[in-house]
Amino acid sequence: QLVESGGGLVQPGGSLRLSCAASGFTFSMYEMRWYRQAPGKERELVAGITSAGSTTIYGDSVKGRFTISRDNAKGTVYLQMNSLKPADTAVYFCMAVEIRYWGQGTQVTVSS
């Protein structure tokens with residue numbers, strides 16, 4: 001099971017930190033990713049991190065603003081989002097890649 005939290009309403013230029021807590025599987029074995037889906041748009045990759053946390057990837061639209069990290073001892077992956085824009089408004093999902101587990105999503109709304 002994956003449970004996201006930390007979403008909410010934030011003004012443009014603000015920051016949020018999303019968390020995704022894992023249970024029921026060996027979290028440290030799996031690559032983790034964050035995706036997002038805005039209304040009427042396809043789901044897109046936001047960021048990914050390898051099982052040990054040694055390598056990260058980012059979607060072009062968030063490079064330099066978002067940072068993915070993980071704490072394997074806590075079974076949690078994080079997404080630090082800075083300099084948020086209205087275009088970042090979406091439901092954000094975490095995923096355990098190799099076993100294709102998805103969380104239920106958390107809404108992020110960037111608006112003044």
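What counts as what
- Residues numbered from 1 in each chain as written.
- Predicted model: local features only at pLDDT ≥ 70, side-chain atom pairs only at ≥ 80, totals over all residues.
- Heavy atoms only, no water.
- Helix = DSSP H or I, 4+ residues; strand = E, 2+ residues; numbered from the N terminus.
- Buried < 20%, exposed > 50% of the residue type's maximum accessible area, 1.4 Å probe, protein only.
- Contact = heavy atoms within 4.5 Å.
- Polar contact = N/O pair within 3.5 Å; in protein donor to acceptor, adjacent residues only side chain to side chain.
- Pairing = 2+ DSSP bridges.
- Axes fitted to C-alpha atoms, helices over the stretch in contact; angles between N-to-C directions.
- Salt bridge = Lys/Arg side-chain N within 4 Å of Asp/Glu carboxyl O.
- Disulfide = S-S within 2.5 Å.

J.: Would you explain the environment of Thr109 in this entry?
T.: If you trace the backbone, Thr109 turns up in strand β11 (residues 106-110). Among the residues examined, Thr109 registers a relative accessible area of 25% and is labelled partly exposed. With 38 residues separating them along the chain, Thr109 and Asp71 place their C-alpha atoms 26 Å apart. Setting aside residues up to four positions removed in sequence, Thr109 forms contacts with Gly8, Leu9, Val10 and Thr89. Of note is the side chain of Thr109, whose polar atom sits 3.3 Å from the side chain of Gln107.

J.: Any chance you could explain the sheet that holds strand β3 (residues 16-22) here in plain terms?
T.: Whenever strands of a sheet pair, they do so through backbone hydrogen bonds, lying parallel or antiparallel. If you walk across this open sheet you meet the four strands as β1-β3-β8-β7, and the pairing is antiparallel. Both outer strands of the open sheet, β1 (2-5) and β7 (66-71), are each paired with one neighbouring strand and no more. Neighbour to neighbour, the strand axes of the sheet diverge by 15° on average, direction disregarded.

J.: Whenever I open this one, the pattern of salt bridges confuses me. Can you help?
T.: For side chains bearing opposite charge, pairing can occur when the charged atoms are close. Across all of its chains, the model carries five salt bridges by this definition. For Arg33, the salt bridge identified is with Glu31, shortest N-O distance 3.0 Å. The exposure class of Arg33 is partly exposed, given its relative accessible area of 22%. A salt bridge links Asp88 to Arg65, with the shortest nitrogen-to-oxygen separation between them at 2.8 Å. Of this pair, Asp88 sits in the loop between β8 (76-81) and β9 (90-96) while Arg65 is found in the loop between β6 (56-58) and β7, placing the two residues 23 residues apart along the sequence.

J.: What's the story with unusual backbone geometry in this structure? I'm lost.
T.: Trans is the prevailing form of peptide bonds, just as negative phi is the prevailing case for residues other than glycine. Here Ser83, not a glycine, exhibits a phi torsion of approximately 50°, which is positive. Topologically, Ser83 is positioned in the loop between β8 and β9.

J.: How should the state of the cysteines be read in this particular structure?
T.: Joining two cysteines, a disulfide is a covalent bond between their sulfur atoms. Evaluation of the coordinates by the stated rule reveals one disulfide. Here Cys20 pairs with Cys94 through a disulfide, and the sulfurs are 2.0 Å apart. Its S-S torsion of about 60° marks the bond between Cys20 and Cys94 as right-handed, since a negative value means left-handed. In this pair, Cys20 is assigned in strand β3 and Cys94 in strand β9, connecting sequence segments 74 residues apart. A single burial state applies to Cys20 and to Cys94, both of which are buried.

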